[in-house]
Every structure is written in C-alpha cells, then in structure tokens.
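# Secondary and tertiary structure notes
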Amino acid sequence: MTTLAVWKFASCDGCQLSLLDCEDELLAVADRVRIAHFPEATRATEPGPYDISLVEGSITTPGDARRIHEIRAMSRILITIGACATAGGVQALRNSADVAEYASVVYARPEYLDTLATSTPIAAHVDVDYELHGCPIDRGQLLETIGALLVGRKPDLPEHSVCFECKRRNNVCVVVAYGEPCLGPVTRAGCGAICPAFRRGCFGCFGPAERPNDEAEAALLESTGMSGPDIERMRRLFDPGTEPVGGTS
Amino acid sequence: MRTGDTAQLIDMTGLEALFGALHERDYTIVGPTVRDGTVTMAELETAAELPWGWAADTGPGHYRLRRRDDDAGFAHCAGPQSVKTFLHPPRARLWSADRTPDGVTTTGPEPPTKRYALVGVHPCDVAALAVLDRVLAHGEHPDPVYTARRDGTLVVTAECTEPGETCFCASMGTGPAATGGYDLALTELLDGGHRFLVRAGSPAGADLLERLPARPASPVDVAAADTAVQQAAATMPRRMPDGPLPELIAANRESPHWADVASRCLTCGNCTMVCPTCFCVSTTDVTDLTGEHAERWRQWDSCFSVDFSYVHGGPVRASGASRYRQWISHKLGTWHEQFGMSGCVGCGRCIAWCPAGIDITREAAALAGEPS
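Here the structure is a predicted model, which is why all the values come from computation and not from measurement. (Residues numbered from 1 in each chain as written. Chains lettered and ligands numbered in written order. Predicted model: local features only at pLDDT ≥ 70, side-chain atom pairs only at ≥ 80, totals over all residues. Heavy atoms only, no water.)

Further remarks concern the pairing of strand β3 (residues 50–56) of chain A. It is a general feature of regular strands that their side chains alternate between the two faces of the sheet. Residue and element names in this part refer to chain A. Most of β3 is tucked away: 6 of the 7 residues are buried. Both strand β1 (residues 2–8) and β3 contribute to a ladder of 5 bridges, which runs parallel. Looking at β3, one finds that Trp7 is bridged to Val55. In this structure, β3 lies alongside strand β4 (residues 75–81), joined through 6 bridges in parallel fashion. (Buried < 20%, exposed > 50% of the residue type's maximum accessible area, 1.4 Å probe, protein only. Helix = DSSP H or I, 4+ residues; strand = E, 2+ residues; numbered from the N terminus. Pairing = 2+ DSSP bridges.)

In structure tokens:
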C-alpha cells in the first residue's frame, strides 16, 4: 500500500489540520494509503522510505536546512503544502528586516536562539514534485492531488487568477461593484474564491498567479484608495519575494 | 415592426399574469433582480422581484447600483453575468464512469431539470443568444450541454430605453430595439402610467400574449415606445469605430498598441467570463480516492490564461499583449470568418467588469487612429 508521511517545519500546523479536516474522505484516504509518519495525528511512526511526503512549513533554522535533505532522500514524491512551505510564509517578512534586532526585542535571552536570517521555501533547498499553495491549503486540492497520484494521473492545479473562480461561482467582483482592494487578479486560483464570496477582497494567500502584472495591480489597488506603502505590505504578506513596484505611489 | 395592429398593452397586473402563465407552463423564470449590490439575472418567483426603481451606474471598471426617481424595472445595464450562465453553465459534468465487474459503465451528461423562461433580457443579450446558438448549436458538432438547455427556452426581451455609460449596442447593430430572437418583446413606458407595450415574436409568444389581460396599444403608446427606444440609441455614449472591424484588426496585427494595452491588462480573464458570447471551456478528468469512479468536467476557460494556449512544451501566447490581441482579434475580427457574424454585441460588460477599466471601444478606436 502507498505510504504517506507528513512533516512539519516553521508553520502553524493549519495545513496538516486540513488533512485531518477531510472527515468525510478520511476513511477513503486511510483505505488507500498507509499513514506511516504523521506526528500531528499519531505517535506511531514507521521508518522510511515513503511514497509520498507532505511537507508543511518553511526553513528557518540550520537544523531545518539539514533535516529537509534527509526527508527528500526518504521520499519518492515530495509535495509542499501551504504558503510557508511554498513561499516562506508570513515569517518570511523577516527576510527584509534584521533578525538579530527582532530577536533582541522579542526574547529575554536571544542567544538561546539558533535561527537563520531568512525564512525560505522548501523548493529553495531540495527538489519539490508538487506545490499546494494557500494559507491554509485547500482541502479539495489536497484530495485531488493524493487521488491523482494514486491512479497515476497529473493533478489539476491551475495557475490562472482567482478571478476565474469568482466568475465560475457567480461572485460579484468586489473591486468593480464595491471598491474593495483585491489581489484576486494576480493571485493563483485554487481556493474557490472564498474571500470574495463573502465580499472580502482576496489577500493573496495562494501567492502569485502565472505571470502577474504587478504594475497594473498596483494601479488597481491605488484606485481603491490604498497608499503605496500599504500596497507593498499587502503584496509582501504572502509573496515575500515581490519587488517594489516603481512609479505608482 | 412596432405596428399598432399587433402591439398590445399590459400593466403591472398583466406582468404578474405573465409570470403566472409561465409558471403554469412549468417554466423556471430567470430575470433581473437586485442581489449583492447589483442587478443580476437570477431565478424569480414573482414580478415583484424585478429591480423596480433601480438603475446601475457603470463606467470602465466601475459598477454601482443607484436608486431611481421612478419605478422603472428594466432600466439597468451590464450586470455582472448574462444568461450565458444558465444555458452554457460555468461547470458541467460531461460524463462519469464506474468500474464494474463487467468493465466500465459511463453515464451522462445529465439532462437539465429546468426549462427556462428568460424574462427582461435586453436586446444586446438576445443578440448574444443568437451568437451562442450559431457557435454551440448550429455548427457541425452541436454541444449537448447547451442545446439541452437552449431547446424550449422562452425569451421575453425588454427593449432598452436607458443605455448605460458602457453601452455601445447601437454601433454593433444589436439594440436598443428588439428586432428578433424573442418570443415576446416588452417596451416599458413610464409617462402617463406604468405600462408595457408587448409584441409577440413567435407562435409561443402569441399564445402567451392571448392569455394576458391586455388591450390593443394605441398609436400614442406605440409612438411613445418608438421614441423611447430611438432616444436610447441617440444618447448611447460609446460606439465602435466606423468601418469593417475585421479589416481594422487584421491591418493592425503588429501594432505597438497591443503592448500599450498589455501594460494595463491584468490578464485576469474577467472580460471573457462576463462576455455573453465567450464560450471557451477546458475539460478536466477527476478520479475519486478509490480509483473506481472517474468524471469528466468542463468549465469556462479563457484565452487570457497561459495554460489555455499550452501545446507541447509551452504556451503559444506567453505575453499579455498576445493574449489580449487574441481575444479582441477573435471577438471583433476572425469571428466573422468563422461564424459569419461579430462576436461582440456591445453590451459593455467587458468594460464595466474589467478591474483595470480597459475599454474595448477605446482600444479599437486607438487601432483605428481615432483621437481618444
């Protein structure tokens, strides 16, 4: 039977919980894969190698940087799950700041910390076979990917904008009809356009869509009344690698 | 067209009676109503749900509901979706397959459970239905999902008497007057009492009209309806450039203007999704976790997606400029060659619902060298 391992790095565990949240499908999953390593769910652990590894979290310590190579070596297919693992996560905001200064402000004894200056995605360290984006990931995409791998087909993981999903589920555009700032036009689909369905602008947790036009998006956000610095903050929250957009603020 | 001897007049009671007659005939009525801060097409039970007293202010990348100072029910434009949503649904299951002891059994697509009466559709959207009919029903390979929904659909159009800021149907020859493709045509009249001129455009429409509490329209009513529609055409703020658009597009294949549009274009696909004639889809196969059940779904797709033109190792249209050019070239140009008609009906949705406010009439005018 196909073996599945679930691993955690710097993260909140929310994406692992998405797997446990598959309540209706969990028994079907358990029928088809043997969960060999999943500390969030069970202390019982089987030694590797594993057919499929789901990796949550970003690399933030020297220990992480070593451990991810061991996991890669034990895994036939490695899938990163969530914004931390695929993009560095919210904690990658440190990448453009001084970690030592942060640590001195937050911790009484910062010298006890052994941390890297950056929070980086898994793919910056090892080869990754599939990436599931989002904060948290979409349950449907997780099941789609596991189901696809079990029968040997390519998982359906679109790279186009969230706008496609908004229109397909008959959401009204929050930018056009309500003047709400929204990152949907430059954000990768996959969530099912949840936030706009509740009249909230997309905040980009799935990361950039294929070939986003950042200049045009900045102009759109400005038209809703956002300032240049706010636009940069909004863009960087889940896309820490984004470069400042010039000439719009 | 609007001749005195065939036009009838109904009032609000007559409109309620129309809803009643449609329900009696087991139609699911789809019409405009206020929902989520827009006037949108939705399933309706009664005429009271129509957007009485509401209008929409539209502009490039802009849509806001506005209270009117009268009770008009059909004076709105460019809603967030067209009737395409009902006849060419965003997602449809084409078939499903199950592994059985004897092999594999397949079923589908499921026949629709509803027969629609589309009420209060403006002439631009009736023209869009004719485009979808040509593309999806009258080609060599009719689309079973569309034809199953379209066959037996009844159309009650409402002539446009108040075009919006983003409308340009007059220059596309698709409105504001109803000239065909409908079973019944309404023209809303407000001065001198809220009433509707009604004309039948088919035997089914004539049969319905006979059962409504109607009286023959007077020449005054007919003239008032004529004037209202003519005024709508005369005051329409936008238009496409003069001259044949296919030639204009073909002559500008290498225009630097495509790069200019691309600098503003988000390639988000909203224009194609709200377009009442954009019909492109992609198909996806899904399997469940047991591996014993598979389904093929299709969903709206868009030429603005990079994946859409992916063939053998890469996308044919990688740049935003090439994707925008593809859309407008097909819509205004090669559609004629392919289907013998324009793909654009001038409804203005792609202008209003473009988050970046890109205006197809301005881009076409720029290609034509007209001052903007």
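More follows now that the structure is in view.
Here the focus is unusual backbone geometry. Of note, the bond from A:Gly48 into A:Pro49 is cis; its omega dihedral lies within 30 degrees of zero at 0°. Positionally, A:Pro49 belongs in the loop between β2 (33–37) and β3. B:Gly175 connects to B:Pro176 through a cis peptide bond whose omega is 0°. Structurally, B:Pro176 is set in the loop between α5 (169–172) and β10 (184–189). Not every positive phi belongs to a glycine, and B:Thr267 is a case in point at roughly 45°. By relative accessible area, which is 11% here, B:Thr267 ends up buried.

Below, the discussion takes up helix α11 (residues 320–339) of chain B. Residue B:His330 marks the point of greatest curvature in α11(B), where the axis turns by about 55°. At the exit of α11(B) stands B:Gly340, carrying a positive phi of roughly 70°. (Bend = angle between axes of the 7 residues up to and from the residue.)

This part covers the nonpolar core. Membership of the largest hydrophobic core comes to 33 residues, with the highest contact counts inside it found for B:Leu118, B:Leu129, B:Val135, B:Tyr146, B:Phe279 and B:Val345. If you list the elements that add at least two residues to this core, you get α2 (84–87), β8 (116–121), α3 (123–137) and α11 of chain B. Per-element tally for this core: the top contributor is α3(B), with 10 residues. Two domains each put at least three residues into this core: domain 1 (8–235) and domain 2 (245–367) of chain B. Leaving out residues up to four positions away in the same chain, B:Tyr146 has contacts with B:Leu87, B:His88, B:Leu129, B:Leu132, B:Asp133, B:Leu136 and B:Ala137. Counting residues in hydrophobic clusters, the runner-up holds 29 residues, among them A:Val174, A:Cys202, A:Met226 and A:Met234. (Core = buried A, V, L, I, M, F, W, Y, C linked by side-chain atoms within 4.5 Å. Domains from an automatic or database assignment. Contact = heavy atoms within 4.5 Å.)

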